[in-house]
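# Coordinate analysis (summary)
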Amino acid sequence: MTRSRATGITALLLGLGVVAYVNTIPNPDVLRTIAGPRIFPYITAGILIVCGLGLIFEKSQKEKPFLTKKQWINFVMICSVYLGYAILLWAFGFIIATILCLFTLSTMFSRGKPVPIWLRAIYAVGITAVLYICFFTLLGMSLPVGKFVRLII
């Protein structure tokens, strides 16, 4: 199993999943508009399926393993950070969880490079502030506050 073939299978399955899910979306008044709420998900699914099939049937010159041992370790670590983010989001809310997640990921990605800790902290706080402004202020979305933060407030 090569990396491109595994990616192709994943894209194909994801595209088929999108098609299956899009079929559950109600399409009101199809006769008045050609482009209903299903059109863009169908286009996305079509692109995923075509690209997935292209990767599956691509002839590669050199067989490479899907992921090396180091890449598997990094993959598991990143998935663990996102799982921890989901738990922290529930417990402490958007701001604290996002700052900790971004700081952890920037530390992981800067491994071996001389990035000072204060710069990673500024990055985490700055990106969190931009996300907060975009989602809460501009879009008016409610962001999770967290169970423990609610007890304090």
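Preceding block: the structure.
Residues numbered from 1 in each chain as written. Predicted model: local features only at pLDDT ≥ 70, side-chain atom pairs only at ≥ 80, totals over all residues. Heavy atoms only, no water.

A count of helical and extended segments in the protein gives six helices and zero strands. Traced from its N-terminal end to its C-terminal end, the protein shows the element sequence α-α-α-α-α-α. Across the 153 residues in the protein, those meeting the buried criterion constitute 20%. Long-range contacts, defined as pairs at least 24 residues apart, comprise 65% of the intrachain contacts of the protein with a sequence gap of at least 6. (Helix = DSSP H or I, 4+ residues; strand = E, 2+ residues; numbered from the N terminus. Buried < 20%, exposed > 50% of the residue type's maximum accessible area, 1.4 Å probe, protein only. Contact = heavy atoms within 4.5 Å.)

What follows concerns the environment of Ile99. Following the sequence through the fold, Ile99 ends up in helix H4 (residues 94-109). A C-alpha to C-alpha distance of 6.1 Å links Ile99 and Thr128, two positions 29 residues apart in sequence.

Grouped together as the largest cluster of nonpolar side chains are eight residues: Val81, Tyr85, Phe94, Ala97, Cys101, Leu105, Met108 and Leu143. Elements with a contribution of two residues or more to this core: helix H3 (69-92) and H4. Residues contacting Leu105, with those up to four places away along its chain left out, are Ile78, Val81 and Tyr82. (Core = buried A, V, L, I, M, F, W, Y, C linked by side-chain atoms within 4.5 Å.)

Here the largest pocket defines a volume of roughly 150 Å³. As for the largest pocket, its lining consists of Phe92, Gly93, Phe94, Ile95, Ile96, Tyr132, Phe136, Leu143, Pro144, Val145 and Val149. Taken together, the elements giving at least two residues each to the lining of the largest pocket come down to H4 and helix H5 (117-138). For the lining of the largest pocket, the element with the highest residue contribution is H4, accounting for three residues. (1 Å grid on protein atoms, 1.4 Å probe; cavity = no way out; pocket = protein on both sides within 12 Å on 5 of 7 lines; lining within 4 Å. Points joined across faces, edges and corners; volume = space filled by probe spheres on them.)

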